[in-house]
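Working through the structure, step by step
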Amino acid sequence: MMQTKKIQEQIAFTVFRLLGFLVLGVLLWILGFIVYNGISVISWEFIFSAPTDGMTGGGIFPAIVGTFYLIIGSTLFAFPLGIMSAIYTVEYTKNNWLTKCIRIMTNNLASIPSIVFGLFGMTLFVNTLGFGDSIIAGSLTLGLLILPVVIRTTEEALKAVPKTYRLGSTALGANKIQTIKRVVLPTAFPNIITGLILSIGRVSGETAPILFTVAAYFLPKLPHSIFDQVMALPYHLYVLATSGTDIEAARPIAYGTALVLIFIVLLMNSLAVIIKKRFEKNK
Amino acid sequence: MIETKNVNFYYGSFHAIKNVNMKMKSNSAIALIGPSGCGKSTFLRLFNRMNDEIPGAKLEGECWINGKDIYTKHTQVDMLRKNVGMVFQKPNPFPKSIFENVAYGLKVNGIKDRAFITKKVEESLTAAALWDEVKYKLNKSAFELSGGQQQRLCIARALAVSPSILLMDEPASALDPISTAKIEELIHVLKQQYTIVIVTHNMQQAARVSDKTAFFMYGELVEYSDTKKMFLAPEKEETQNYITGRFG
Amino acid sequence: MKRLIDTLIEQLIKMSGAVTEITVLLIIVFLFKEGAGLFNASEVEKGYTVLVHSENTVERLSPKELKEVFDGNIENWEKLGGKDEAIRIFRFDEIFSIYTEDELGKDYVLLPEKLEEVISADPTIIAYIPQKYLPTNLQGIKELAKMNISLTDFYIGKEWIPTATPAPLFGILPLLLGTLLVSFIAILIAIPLGVGVAIYLAEIANERVRKLLKPAIELLAGIPSVVYGFFGLVVIAPIIQKIGGLDLGETAFAGSLVLAIMALPTIISIAEDAMRTIPKAMRDASLALGATKWQTIYKVIIPFASSGIAAAVVLGIGRAIGETMAVLMVTGNAAVIPNSIFESVRTIPATIAAELGEAPGGGAHYQALFMLGCVLFIITLIISIVAEVISSRKIIKE
Ligand SMILES: Nc1ncnc2c1ncn2[C@@H]1O[C@H](COP(=O)(O)OP(=O)(O)O)[C@@H](O)[C@H]1O
Ligand SMILES: [Mg+2]
């Protein structure tokens, strides 16, 4: 009797342990596969030159630059807006129907598939506002996509600031906005930064929202204004993998592109983790 | 009969129990008192080996229950825990019905006979003085009960597996005075059948419910004697100070 | 001056509180505005019309019937409610093989007349011509009544052939079923794995392993979907092809596998968090009754964490249904109702991504793709509400 439950436990634990290693194994396999195949392609030339020979040669510089612009554009839009929105819900409104409504809407916004953002960006920014396929249209679309991430992480960061800090500041005669500027934001800063960095990772990897708002199939020259189209790393990888002129010949470059993409995203994510750890320790 | 022989206990490098020798008679109530952090809970958890769950913890010395060393390689920990029930500081019923809470211990110990389980549940709830209050709502969630009722449910849950020893770690500290009185009354009844080891920070409670009292300080057993003697004429000065409230 | 800036900032903050509502509203307005146009669109491709002989008793044909006729699957008018006569299909370019350039006149001014001649001469004819060459004189000719694309055509249509002429088919069923099939299988794979690993991390692994594994898995949640898609394309699809002995590895199953892998980090992380919130006292109580760790896990911890686990699963489903790029790259994209998971399918998001670039702006196809966007939006909206309800339904009141 007693034996059976012990044996059950042994079996169950073995299974779970195997599951754990299986999943980790699969994830490492993906990572390893990309790194293994991509590392030999990476060189200064690959990073800093434009594609040649129908995208079967050369590098990916325009795509890197494009992704960089999109990161800048979308964060310039989403960060101030998202942070202010979070300040509003945490610091200004009481727990009423309005905050509830905002929270539900934020959650919904977060759950909308990225391709729907793409559709929306296309009608609003590209067509209705007449931006055309452009950095600004793509940035605004991506900005909306990360808005909920920014709002949520900022909210959590603000909520983590102890009430006494605010009281202390108000007691010294500071008004609300001064308290927020001088006391609340500086305290919440590391956590806010973490969220922001995570959303940068997200922006650099998204493909669907930029398909119809900015991404160029092949554009070896760099953009001159925010109304130009650009190439972008994730879309470039998609093109190389599925619809280049010679898919087989483009394969090595696809691996290289995937590796650069993963590198950027994982760099951002690890940075976020490290910053968080750093500040947690200092507390 | 519970006996510890030269027991030392460590959390990593922290020496939590220092060379304790103690004997506890069956069918009696023993109170463990002492300032917070002196190792009462740690000492209590030795007897159902709940300390095993803490990483980095280490035991030296021997613990005997009813003539058996409970820390041998062959000890079946689950059987030991069936025999040594435990009631915790805060009521901690499972997110299940009242019935399922009491039946839980039976089921995890491999008992499948419905009729037996039903009988045992009623007996245990009766023994815990809760049956009359819950007999018409056995299928309701345990969380619908009041705090005091939940704690008696936890006692019933412990009794259901027919233990001979009941460990109670400040079982009334989270309850209101009326519920506390009910629990104390219950302990009075239960100690005829069970050996009860109860940790409490409440001097009056120790005086009211226990036959013998042990006073701990900094992990050491300072004094151990009949409760009456302990509270009327303690031998050690530390004990005197603690009991009269000049310490801790 | 400083006062002024502070007040300004304060006003800005108050306004930006509304930004998410406005965005969601805008999304709804724009998506549905474009999408709803579909149901005002004529079923025959814009700028074209379908003509028959005036004695023909058939007054209208559904898009489906038109397609069958022009595909040559329906060959007799009787099947369409007309007389028992073989159908003669007349495509517009045939006019150029009947008449010479000269006969059609300069800038084809005489073309409508000639069309009229041809059509009125044959009572069994059905002709598909550009609207601008519609004969002015409709003697002996009848234009088939123009119907708008109906809701039923869209929602229960079994075929998605947006480029069919003369009447494209916008039946969403194959796409919807494809989406559900791929997501469903993915979740079926991901739940046991994800919850299993969550259990391992939360309850079984020692602290050192956990401290290493959890951030690693969370890090992998950030890998872009296009990279997963690429991996699926070059590794998983070929493996499936080889093992299954299939012609093509790009199947629903490949999509499900990739989606499952992508959903794992999310599910693991949320489910693990849910299990970690269980009070230690609950665990101790179970162990103290002689339960093994495993009994404690499946009898106490999993039930206790069930709402958190359920929320993780629902969120995983939501993400799977909306995932675009990875699925687009590995499912083969055949827009037919799938019979097995080893066939190629096309999901709703993949359809939008693949076709929007080619659909002329404002046309029925373009509108149909936006309608797909609306459907997707509503599905994920419902899912996110469900997840919200589940996770707010706490079992325990502290
Ligand atoms: N899991 C643990 N890990 C490390 N130290 C612990 C642990 N539990 C208790 N301790 C330490 O052991 C000492 C005794 O604790 P405990 O037995 O809970 O005291 P009491 O119940 O008398 O208040 C305390 O100093 C406490 O900090
Ligand atoms: Mg204690």
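Cut-offs used in this document
- Residues numbered from 1 in each chain as written.
- Chains lettered and ligands numbered in written order.
- Predicted model: local features only at pLDDT ≥ 70, side-chain atom pairs only at ≥ 80, totals over all residues.
- Heavy atoms only, no water.
- Contact = heavy atoms within 4.5 Å.
- Salt bridge = Lys/Arg side-chain N within 4 Å of Asp/Glu carboxyl O.
- Polar contact = N/O pair within 3.5 Å; in protein donor to acceptor, adjacent residues only side chain to side chain.
- Helix = DSSP H or I, 4+ residues; strand = E, 2+ residues; numbered from the N terminus.
- Pairing = 2+ DSSP bridges.
- Axes fitted to C-alpha atoms, helices over the stretch in contact; angles between N-to-C directions.
- Near = heavy atom within 4 Å.
- Areas by Shrake-Rupley, 256 points an atom, 1.4 Å probe, with all protein chains shown as cover.
- Nonpolar A, V, L, I, M, F, W, Y, C, P; charged D, E, K, R; others polar.

A word on the interface of chain A and chain C. Across the boundary between the two partners, chain A contributes 79 residues, which contact 72 residues of chain C. For the pair chain A and chain C, the interface holds one salt bridge. The closest approach of N and O atoms between Lys181 of chain A and Asp6 of chain C, which form a salt bridge, is 2.8 Å. The interface formed by chain A and chain C contains nine residue pairs in polar contact (both at pLDDT 80 or more). Listed by contribution, the elements that provide at least two residues to the side of chain A that touches chain C are helix H1 (2-38), helix H3 (61-92), helix H4 (97-111), helix H5 (114-128), helix H6 (135-159), helix H8 (176-205), helix H9 (233-242) and helix H10 (247-282) of chain A. In terms of residue count, H1 of chain A provides more of the side of chain A that touches chain C than any other element does, 21 residues in total.

All names here are of chain C. Spatial strand order, S2-S3-S1-S4: four strands in an open sheet with mixed pairing. Single-partner strands in this sheet number two, and they are strand S2 (88-91) and strand S4 (141-143). Averaged over all pairs of adjacent strands, the angle between their axes in this sheet comes to 25°, without regard to strand direction. Pairing of strand S1 (residues 48-53) with strand S3 (residues 125-130), which is carried by five bridges, proceeds in the antiparallel orientation. Within S3, the position partnered with Leu51 by the bridge is Ala127.

In this section: the site of ligand 1. All names here are of chain B. All residues in the neighbourhood of ligand 1 are listed as Tyr11, Phe14, Ser36, Gly37, Cys38, Gly39, Lys40, Ser41, Thr42 and Ile54. Gly37 has a polar backbone atom sitting 2.7 Å from an oxygen atom of ligand 1. Here an oxygen atom of ligand 1 and a side-chain polar atom of Ser41 are 2.6 Å apart. Surface burial for ligand 1 is 62%, taken as the share of its 560 Å² of free accessible area covered by protein chains. The element best represented in the shell around ligand 1 is helix H1 (residues 40-45), accounting for three residues. In terms of residue class, the shell around ligand 1 is made up of four nonpolar, five polar and one charged.

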